[in-house]
Structure formats: structure tokens, C-alpha cells
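Below, each chain spelled out in residue letters.
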Amino acid sequence: MSKIVVNGGKPLTGRVDLKGAKNLVTKAMVAALLADTPSVLKDVPKISDVEVVSRLLELHGVTIDFDDAGVMKLDPRGVKQARMVDIDAHAGSSRIPILFCGPLLHQLGEAFIPDLGGCHIGDRPIDFHLDVLRHFGAVIEKQAQGTRMSAPNGLHGAKVELPYPSVGATEQVLLTSVRAKGITELSGAAIEPEIMDLIAILQKMGAIISVDTDRVIRIEGVETLTGYTHRALFDRNEAASWAAAALTTGGNIFVGGAKQLEMTTFLNVFRKVGGAFDIEDDGIRFYQKGEDLHPVVIETDVHPGFMTDWQQPLVVALTQARGLSIVHETVYENRFGFTEALVKMGAQIQIYRECLGGNPCRFGQRNFYHSAVISGPTPLTGADIEVPDLRGGFSHMVAALSATGVSNVGNVQLISRGYEHFLDKLGNLGADFSYSE
Ligand code: EPU
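Quick caveat, the model's predicted, so the values are computed rather than measured.

How each quantity is defined
Residues numbered from 1 in each chain as written. Predicted model: local features only at pLDDT ≥ 70, side-chain atom pairs only at ≥ 80, totals over all residues. Heavy atoms only, no water. Domains from an automatic or database assignment. Contact = heavy atoms within 4.5 Å. Buried area = accessible area lost by both parts, 1.4 Å probe. Near = heavy atom within 4 Å. Polar contact = N/O pair within 3.5 Å; in protein donor to acceptor, adjacent residues only side chain to side chain. Areas by Shrake-Rupley, 256 points an atom, 1.4 Å probe, with all protein chains shown as cover. Helix = DSSP H or I, 4+ residues; strand = E, 2+ residues; numbered from the N terminus. Nonpolar A, V, L, I, M, F, W, Y, C, P; charged D, E, K, R; others polar. Pairing = 2+ DSSP bridges. Axes fitted to C-alpha atoms, helices over the stretch in contact; angles between N-to-C directions. Salt bridge = Lys/Arg side-chain N within 4 Å of Asp/Glu carboxyl O. Buried < 20%, exposed > 50% of the residue type's maximum accessible area, 1.4 Å probe, protein only.

### Some remarks on the domain arrangement of the protein
Partitioning the protein into domains gives domain 1 (3–18 + 234–436) and domain 2 (22–231). For domain 1 and domain 2, the distance between their C-alpha centres works out to 30 Å. Between domain 1 and domain 2, the residue contacts involve 23 residues of the former and 22 residues of the latter. It is Val302, His303 and Arg417 in domain 1 that bury the most area against domain 2; as a group they hold 33% of the surface buried on that side.

Here is the structure:
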């Protein structure tokens, strides 16, 4: 299923149902490693990121039972050191392994993590993670194929300040501090809803965590944690993606499980562009009102700002807005690679090094093309395109589905890293496509 042929120009109409957020579920699975009794996680999507984390947990002796209703049982009672060669087979397939460090150091006294993967949207270093772990007392040694860590004197609470509110580094602090000796104070923390849900899970397990104002999180370490039962927060990135698909194709999609509170920033922008939505008890309906789309200026930011993961699918809609839109990407330095394919399909998009949104960001004085100017409306026509990464890939599919003519889209399996049953959902929404090879 690596290549599909899309016959574009048809509105997507119907219903999709969300499961738990990719960016929470995988971390919740790692949290189960910290307990001495089993955990139950509900609404787990069947996506490849979940598969990778499942395999890694199993290599470390965790027993996993995952049923078709999305209920996953994780039993950590047989936790053990994995063989380096087995772990290494997963090098490059996900970024989650870095979050195994704290739990493995607590459970086993040492950890080995493979070199990381994930989407190619910037350098994506792990310096914040390693600094954080050193603060807790970890000794880190870079080896040929990965990183080895030990904690000869155990892990102890620390005062940590992040140079940027990184989601992953905040999770690293949470997963390491909950069982570290003493108190941890984290400032400059990320406060995304997925992080709040992880905190809720850890609290269910017995952790003591308070979230103060101004991005400060305090954790009082406890000696042991027990398993949790939890229904994962819905995937707001997937919800925003389908919303953009409805808007761009002139369709109407009810996204079951989407909630307003975690999406208010997205909904404001969606409305400004000319999209309409009805908020219902069990989801949100997204549609186009049938009038011209309007240009907007967007700056991506950490929560509660406009999420970087919402930008790519929405840029396709902006190619159909009347006038000039600006998107200033301030989270990742290299997240506009996907626009090349849109230009090939007829879009007018220029990428700039300058900070064009109004607020200078940390990429401004460097050589990163991190601002985009989109001039519309421009009709899109089918083309041969390759999916570059998860969100960029979704946006390519939206472009192909709204374009006139046929597109050959390669590397489609990358999208299944984050969207459960992606092609089935598209089929149910009336998309016209076939498998090519
Ligand atoms: N950063 C560093 N050093 C580090 C860690 C991060 O410089 O040690 C930088 C990154 O390079 C980036 C910025 O800090 O420029 C923010 O990165 P962050 O750590 O917040 O991102 P992440 O934890 O690696 C998660 C999601 C991303 C999402 C970001 C921002 C997961 C598995 N991934 O990544 O999701 O874009 O937070 O919200 O949770 C996606 O779903 O497509 C995706 C890329």
C-alpha cells in the first residue's frame, strides 16, 4: 500500500471517529513501566507509533494485551533488561524511546536507548532530555548505536529549568521525577493538554504533582506507583486535520470524539479562514459555508498557542483563500518542506528566512526557512507526489483530494504513524482513490 492513485475534486462528507491522542497514548504506555501492578489504557489507536512502543515495552518484559476495541492492558511485573541488539532494531523508528530512560533507571538501574526517529521536520536534538536526566543523577554514555545510562546513586529530585517549553523534555521530567527521591521543581514547562492528561494518569498511579502558574510544575517523589485505568484524551491533531480536509474539499465532516476546550485556538483560526463548525456533545461538525475563504496570519507556538501540527493541513486550505496568508513556524525550524509538492500542484507559496509573523522567534537570525507566504486562490491540479512526513503527508493527501485530475501519492504508509485506519476513513468519506502497487 505504499502508493495510491487519487482522483481529486470531490468533497469529503461523512463521519470519522477519533481515538486517543498519539502524543499522549505512547507516553501513557511508557508510564505503565513505572508501576508494580498492571495498567489499563482505553481508546488506544492502531497506529505504527503504538506498535513500536509496544514492541519496545515487550522487549523489556512488559506483557501487552491489545484488543480490537482499543483497550490495552500493560503488565510490567516481569520488567527486565532488553538485549541491546533487539532494542537497536528499532533505531530510527520513533522518538518515544528517549522517554524510557527515567522509568528504566528506576526499575532496573540502567537503560539503553536506540538512536531516535520521528518526522524529519528539523534537527530534533535530545540535549534537553540528556540535561534533565543528568540533573536527576543519571550518568550518560553515548555509544556507537545509541545511548547508555546508569544511576549509580539512584535518581534524586532536582530544580530544572527548560530553555524552551519542550513537550518531550517536560514528559521526561515527569516520568523521571515521580519516583525520584525528594522534590523536583520544573520551570519553563510545556503545558499541552496531552501533558495534563499524562499528569492525570501519574496522579492515578500515586504521584504527587502540582501545576502552578507561569509554567512551573512541582513533583514530590514517591517510592512506589501502582497501575492506572485511564481513557486517553482525544487526538486534537487528527481532529484539526479532518477539519482542514472538510474546509479544503468543500465538504462536511463530523469528527466524533472531538471536544471544544482543547481546540479553542484552532477553532478561532478555522472560523477566521471561513470555516464553520457545530459543537455537539459527542463531537464537532466541520464544514465550509460555501463562501470565499479568507487569508490569515498564523504563528505556531506552544500551548495555548496555535499548534505546529495544525499548520500543514491548514496551509492547503489557505491556497484557496482570496489574498495573502502568512504562516510563521516558531516550533520547528524546517517544517515547510511539504509546500514543494503544493507548489508543484499549482499553489503560490514562498518560503522566507525572516520571522514574518510579527514576533521574532529563536530561528530568526539563523538560516532557517521558517515563514511562508501563501497567495490565493490558486486552482490545484493532480501531480506525482511523495509523502515526506506525518502531517505534511496528510496535507498532501488533502491537496490531492481537492485538486482536479489524478495524483499519484507515494509513501502513504508514513501517514499511518499517526492516523488510525487512514485510508478506510478516507474511503468512508467518499474519497475516490485506488491502490497502485
Ligand atoms: N528541542 C530541542 N532539544 C530537545 C528537545 C526539543 O532543541 O532536547 C526543540 C525541538 O527541536 C523543537 C522544539 O524544541 O524545535 C519543540 O520540541 P518538543 O520537544 O516540544 O517536541 P517533541 O516532544 O519532540 C511533540 C510531538 C510533536 C509535536 C511537538 C510540539 C510527540 C511524539 N511528538 O514532539 O508531534 O509537534 O511535541 O507540540 O509527542 C506530530 O504529531 O506530528 C509531531 C511531530
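### Some words on the site of the ligand
The immediate surroundings of the ligand are formed by 25 residues, with Asp127, Ser166, Val167, Val331 and Arg391 found nearest. The contact in question runs from an oxygen atom of the ligand to an N or O atom on the backbone of Val331, over 2.6 Å. A distance of 2.7 Å is found between an oxygen atom of the ligand and a side-chain nitrogen or oxygen belonging to Arg391. Contact with the protein chains covers 92% of the free accessible surface of the ligand, which is 830 Å². Every element with two or more residues in the shell around the ligand is listed here: helix 1 (22–31), helix 5 (127–135), helix 6 (167–177), helix 10 (308–318) and helix 12 (390–402). Classifying every residue of the shell around the ligand by side-chain character gives 11 nonpolar, five polar and nine charged.

### Quick look at the sheet that holds strand 8 (residues 146–150)
Read across the open sheet, the three strands follow the order 6-8-7; overall the sheet is antiparallel. For this open sheet the edge positions go to strand 6 (110–114) and strand 7 (139–142), each flanked by a neighbour on one side alone. For this sheet, the mean angle separating the axes of adjacent strands, direction not counted, is 15°. Pairing analysis gives four bridges linking strand 7 to strand 8, with the strands arranged antiparallel. The residue bridging Ile140 from the neighbouring strand is Met149, located in strand 8. Packing of helix 4 (residues 101–108) onto the sheet brings it into contact with strand 6 and strand 8, and relative to strand 6 it is tilted by some 150°.

### Details of the sheet that holds strand 2 (residues 13–17)
Read across the open sheet, the four strands follow the order 2-14-16-15; overall the sheet is mixed. Of all the strands in the sheet, just strand 2 and strand 15 (275–280) have a single pairing partner and so form its edges. Mean inter-strand twist for the sheet, computed between neighbouring axes without regard to direction, equals 15°. Judged from the five bridges that link them, strand 14 (residues 252–256) and strand 16 (residues 283–288) form a sheet pairing that is antiparallel. The residue of strand 16 that forms the bridge with Ile253 is Phe286. Those strands touched by helix 8 (residues 236–249) are strand 2, strand 14, strand 15 and strand 16, and its axis lies near 170° from that of strand 14.

### Considering the pattern of salt bridges
As a working rule, side chains carrying opposite charge can pair if their charged atoms are close by. One pass over the structure, following the stated rule, counts 22 salt bridges. Among the salt bridges present, the one from Asp49 reaches Arg417, with a minimum N-O distance of 3.0 Å. Highlighted residues: Asp49 in helix 2 (residues 48–59) and Arg417 in the loop between strand 22 (406–410) and helix 13 (422–428), separated in sequence by 368 residues. The class of Arg417 is buried, set by a relative accessible area of 12%. Beyond isolated ion pairs, a larger network of salt bridges with shared partners links Lys159, Glu185, Asp212 and Arg218.

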